[in-house]
Amino acid sequence: MGENGGTPSDDKATSKPRSKDRPSDLELMKERFSKLLLGEDMSGHGKGVSSALALSNAITNLAASVFGELKRLEPMPTERKAMWKREVDWLLSVTDHIVEMVPEQKSIDGNLMEVMVTRQRRDLQMNIPALRKLDAMLIGALDNFKDQKEFYYVSADANDTRGEKWWIPTVKVPPNGLSEVIRKWIQVQKDSVNQVLKAAMAINAQILSEMEIPEDYIESLPKNGRASLGDSVYRSITVEYFDPGQFLSSMDLSSNHKILDLKNRIEASIVIWKRKMNNKDGKSAWASAVSMEKRELFEERAETVLLIIKQRYPGLDQSQLDVSKIQFNRDVGHAILESYSRILETLAYTVLSRIEDVLYADSLTQNPALASCKRSPLQSSDSDPLNFPNPKEEIEKLRAGPPQSMTLSDFMGWNLEKEDEEKKDFGGKSEEPQKDEGRTITKLANIITNKKVSYLEKLENLGGLRSPTGHVW
């Protein structure tokens, strides 16, 4: 101990509690991977879940602890942002060691020979970088709101009458609404996040479609589509002249629970009909008395309705089929891709919902009568779910360069530059305000998305590919 009260030993004493309160990265990593190796069975008796499900749960739980319900549009705290990047990197590092054997030509002693080498599995090689870009875009979108001063939040009131989400802070805007610049800038953020949502939906749906349907799920199904759908829904789908829009308008879709129930029944009927068509000999219990042509027609109609439901209601919870696939999946690569894309999809949907909260508060200043109307949940505006592009092709375009959003200061600086240019073009005289405004918006879209206008257009119909994840946290 030193003369002045033993400063060195004091330093050591004070440093020990800190190490206990804040474990090192190495200690955290050991803890995370120990749980994964034990399959979440901390007794060590070997009764844990599969490695695939353990990793899926780890990514989902990490997102829940970092993002929570995301009640406000604001940058993430630096510490939480660092925690997310560090720990998601640990979990994704598993994919670096999931490989496949591929032929490669090598020169050996002057002779060109074909040898087998290992490389990262193709689906991981393509999708992991794309998902990382989507991840960075969402974090960046939240960071973009650091400069705005026009809207703010007030704490939720237990007596709030807004409905299910009464605990979400209320958005407050100026009495006369948002300024035109802020309104346009928020729309730009919304468009950018919407593109992230669609890309995440495409990846998630593709991965889920590649997962096998578990036998447990199949065994739980009734033996025919009528029993799954119910007489009323079955008759509506099997009529001679079928219109999916009219079909949905005749259904009770007044709550998320009823929408999810319809979706579960439709997915089950599709599985049943596909199995019946695959048993053409008529000897199986799945064999059908209905002609194969009609069965194929019914399946096509059900799939069309299912795509429209996924497109219109992006906030639904996971369906029974998807939950079953995730639970019984044994492919670790699929588990990581599905869970990572799902949490990014959910985060993007939540950010869009918070943006809609701001736009709704702004609209109330322009039309106070809207306050008396029941607010509809966030829905996709895409209209044609059938002609969606191949998800893998869209991911390749995303890898080439994702669309970018702008910070508020960049946006305002860009606007000033454009106004100066337009004044020069017109000799210092401005044209009609509405025409100038329209020109500015058009140019802005071209600059922000750079060369990704076609990307946006091609993703417009990807709603039908969406995984029904909803709020999994």
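As shown above, the structure is provided for reference.
Residues numbered from 1 in each chain as written. Predicted model: local features only at pLDDT ≥ 70, side-chain atom pairs only at ≥ 80, totals over all residues. Heavy atoms only, no water.

> Go over the nonpolar core, please, and point to the residues and values.
Leu73, Trp84, Leu134, Phe151 and Ile186 are the most contacted members of the largest nonpolar core, which has 64 residues in total. In terms of residues, this core owes the most to one element, helix α14 (residues 332-366), which gives 16 residues. Sequence-distant contacts of tryptophan 84, that is, excluding residues within four places in its chain, are made with Leu62, Ala63, Val66, Phe67, Asp135, Tyr340 and Ile343. Residues Met251, Trp273, Ala302 and Tyr313 belong to the second largest nonpolar core, which totals 22 residues. (Core = buried A, V, L, I, M, F, W, Y, C linked by side-chain atoms within 4.5 Å. Buried < 20%, exposed > 50% of the residue type's maximum accessible area, 1.4 Å probe, protein only. Helix = DSSP H or I, 4+ residues; strand = E, 2+ residues; numbered from the N terminus. Contact = heavy atoms within 4.5 Å.)

> Any chance you could break down helix α3 (residues 51-67) for me, citing the residues and the numbers?
In an α-helix, one turn spans 3.6 residues, which is why side chains three or four residues apart end up on the same side. The terminal C-alpha atoms of α3 lie 24 Å apart, and with 17 residues this matches the ideal 24 Å at 1.5 Å per residue to within 8%. For α3, the set of buried residues is Ala52, Leu53, Ala54, Leu55, Ser56, Ile59, Thr60, Leu62, Ala63, Val66 and Phe67. Trailing α3 by a residue or two, glycine 68 shows a phi angle of about 60 degrees, which is positive. (Expected span 1.5 Å × (residues − 1).)

> If you had to explain the packing of helix α2 (residues 25-37) against helix α4 (residues 78-92) to someone new, which residues and values would you point to?
α4 packs onto α2 with a crossing angle of 45 degrees between their chain directions and a minimal axis gap of 11 Å. Comparing their axes, α4 and α2 come out oblique. Here α2 runs over α4; the crossing is right-handed. Along its contact with α2, which presents Asp25, Leu28, Met29, Arg32, Phe33 and Leu36, the element α4 presents Arg86, Glu87, Trp90 and Leu91. In the contact of α2 with α4, the residues fall into six nonpolar, no polar and four charged. (Axes fitted to C-alpha atoms, helices over the stretch in contact; angles between N-to-C directions. Parallel < 35°, antiparallel > 145°, perpendicular 65-115°, else oblique. Left-handed = near helix turned anticlockwise from the far one by under 90°. Nonpolar A, V, L, I, M, F, W, Y, C, P; charged D, E, K, R; others polar.)

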